[in-house]
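Structure assessment
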Number of protein chains: 2
Amino acid sequence: MENTAQLSQTTDQIVISPEQLLAHWQGHRGLTRRLIEAYPEEHFFSYTLGGMRPCSALIDEVLQMADQSMQGVISGEWPSFSEGVEVQPKVTTKEQVLDQWDRVTQKINAHWPQIPSSRFQEVDKAFGLYEGPIYWFLFYLIDNEIHHRAQAYVYLRTLGVEPPAFWDRLQV
Amino acid sequence: MENTAQLSQTTDQIVISPEQLLAHWQGHRGLTRRLIEAYPEEHFFSYTLGGMRPCSALIDEVLQMADQSMQGVISGEWPSFSEGVEVQPKVTTKEQVLDQWDRVTQKINAHWPQIPSSRFQEVDKAFGLYEGPIYWFLFYLIDNEIHHRAQAYVYLRTLGVEPPAFWDRLQV
């Protein structure tokens, strides 16, 4: 009886499941993809505000971190950014960015079920840089994407382009 | 034995605990507070880019949603925005905004432990508008704050002011 009561309590305490976290992330990635689509090609690699990086560089940071993160999240073996383990060819068109984006979307979906369920609460040092529980690092990836995408929203607004609705993340 | 095995499996599957989610949110709110502090008073209520709202309005949206959300998250009884159940006096200085911010910080901390552990996975219609599980709504609040704060980062950069570091959310 005692075990059953504990089990019930523990099950109830789930805030978000691994599958829901994946859907949450991919929902945000779907919105970012639509932002890239909406961005004028002639400004994507060059337009900036306030001395910041152009949209292409913000997106590239988000893309590369997601791409390189999965192996470490699963196994604890992290590539080092400085060693440039898996450098992608430099992209020069939005179409190439979207192709990379879709490849990473599939990579995340394929790798996610391999994350051991105990892994989310394990403390690790992602890329040898970011120390904390794995759940914390995954939210860092998501939050960093929201942060940079929102900056691209301002770029778009000043270019007179309506960005996709922030709340619309149903299309994964 | 079977119950014990199930219990162990379920415990392992926790992605983020209610306490960790609270710390995650308050970590973001602490960063937003430092952004407000860094924002020049003379621009806070007026400066805009691309036809968007000034920083004060972006922050006010985030602040009011957090303020009004707790009762509904706990009980399922939501105030209606249109009815203006608990309208705060209009603020005209950063100091007043920071005072409201701190009041809401304490309100969230005080109410959070009252959220029933089963509540996070319950589907509800927050403010009669946002339908989904409670965990989803709480992430909407956090993500919306990250989104608007990042837009204020661009405003600040174009004003020549260095924003607080995005990754620095240790100070809750």
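Residues numbered from 1 in each chain as written. Chains lettered and ligands numbered in written order. Predicted model: local features only at pLDDT ≥ 70, side-chain atom pairs only at ≥ 80, totals over all residues. Heavy atoms only, no water.

A word on the relation of the copies chain B and chain A
- The two copies are related by a screw motion: chain B maps onto chain A through a turn of 180 degrees and a shift of 0.0 Å along the axis, at an RMSD of 0.0 Å. Overall, the copies show the geometry of a two-fold rotation axis.
- The fraction of interface residues of chain B whose copies in chain A are also interface residues reaches 100%, indicating that both copies meet through the same surface. (Least-squares fit on C-alpha atoms with pLDDT ≥ 70 in both. Contact = heavy atoms within 4.5 Å.)

Notes on the pairing of strand S1 (residues 123-126) of chain A
Residues and elements named next belong to chain A.
- Burial along S1 is one-sided: the residues Asp124 and Ala126 are buried and none of Val123 and Lys125 is.
- As paired strands, S1 and strand S2 (residues 130-133) are joined by four bridges and run antiparallel to one another. By the bridge assignment, Lys125 is partnered in S2 with Glu131.
- The turn joining S1 and S2, which pair antiparallel and follow one another in sequence, is formed by three residues; a positive phi near 55 degrees is taken by Phe127. (Buried < 20%, exposed > 50% of the residue type's maximum accessible area, 1.4 Å probe, protein only. Helix = DSSP H or I, 4+ residues; strand = E, 2+ residues; numbered from the N terminus. Pairing = 2+ DSSP bridges.)

Notes on the UniProt feature "binding site: a divalent metal cation" (unreviewed entry) in chain A
All names here are of chain A.
- With numbering matched to this structure, UniProt assigns "binding site: a divalent metal cation" (unreviewed entry) to His148.
- For His148, a relative accessible area of 8% translates into the label buried.
- Among all residues touching His148, those that are not within four sequence positions of it are Arg53, Leu58, Glu61 and Val62. (UniProt positions renumbered as here; feature names shortened; annotations may be inferred.)

Some points on the interface of chain B and chain A
- In this assembly, 41 residues from chain B lie in contact with 41 residues from chain A.
- Summing the contributions of chain B and of chain A, the shared interface buries around 4000 Å²; its carbon and sulfur component is 68%.
- Inspection of the region where chain B meets chain A yields zero salt bridges.
- Of all the secondary-structure elements, those providing two or more residues to the side of chain B that touches chain A are helix H1 (2-12), helix H2 (18-38) and helix H6 (134-158) of chain B.
- Among the elements that take part in the side of chain B that touches chain A, H6(B) stands out by supplying 14 residues, more than any other. (Buried area = accessible area lost by both parts, 1.4 Å probe. Salt bridge = Lys/Arg side-chain N within 4 Å of Asp/Glu carboxyl O.)

Structural notes on the nonpolar core
- With 100 residues, the main nonpolar core has Trp112(A), Leu138(A), Trp112(B) and Leu138(B) as its most contacted residues.
- At the level of secondary structure, the elements contributing two or more residues to this core comprise helix H2 (18-38), helix H4 (55-75), helix H5 (94-111) and helix H6 (134-158) of chain A together with H2, helix H4 (55-75), helix H5 (94-111) and H6 of chain B.
- Discounting residues that sit within four places of it in the chain, Leu138(B) has contacts with Leu21(B), Trp25(B), Met70(B), Val73(B), Trp112(B) and Phe120(B). (Core = buried A, V, L, I, M, F, W, Y, C linked by side-chain atoms within 4.5 Å.)

Quick look at the packing of aromatic side chains
- Per the stated rule, a full pass over the model turns up 25 aromatic pairs over all chains.
- Measuring from centroid to centroid gives 5.0 Å for Phe44(A) and Phe45(A), while their planes differ by 85 degrees, and the two rings are edge-to-face.
- Classification of Phe44(A) as buried rests on a relative accessible area of 0%.
- With centroids separated by 5.9 Å and ring planes inclined at 70 degrees, the aromatic side chains of Phe127(A) and Phe137(A) adopt a geometry described as edge-to-face. Residue Phe127(A) is found in the loop between S1 and S2, and its partner Phe137(A) is found in helix H6; the two are separated by ten residues along the sequence.
- Take Phe127(A): its relative accessible area is 5%, and that puts it in the buried class.
- An aromatic cluster of at least three residues, connected via ring pairs, comprises Trp78(A), Phe127(A), Tyr130(A), Trp136(A), Phe137(A), Tyr140(A) and Phe166(B).
- Lying across the ring of Trp101(A), Arg29(A) places its NZ or CZ 4.3 Å from the centre. (Phe/Tyr/Trp six-rings, centres within 6.5 Å; stacked < 30°, edge-to-face > 60°. Lys NZ or Arg CZ within 6 Å of the ring centre and 35° of its normal.)

Things to note about the packing of H2(B) against H5(B)
Residue and element names in this part refer to chain B.
- One can describe the packing of H2 onto H5 by two numbers: an axis separation of 11 Å at closest approach and a directional angle of 175 degrees. One element, H2, and the other, H5, form an angle in the roughly antiparallel class. From H2, Leu22, Trp25, Gln26, Arg29, Thr32, Arg33, Ile36, Glu37 and Ala38 reach across to H5, where they touch Lys94, Val97, Leu98, Trp101, Asp102, Val104, Thr105, Ile108 and Asn109.
- Across the contact of H2 with H5, the residue classes tally to nine nonpolar, four polar and five charged. (Axes fitted to C-alpha atoms, helices over the stretch in contact; angles between N-to-C directions. Parallel < 35°, antiparallel > 145°, perpendicular 65-115°, else oblique. Nonpolar A, V, L, I, M, F, W, Y, C, P; charged D, E, K, R; others polar.)

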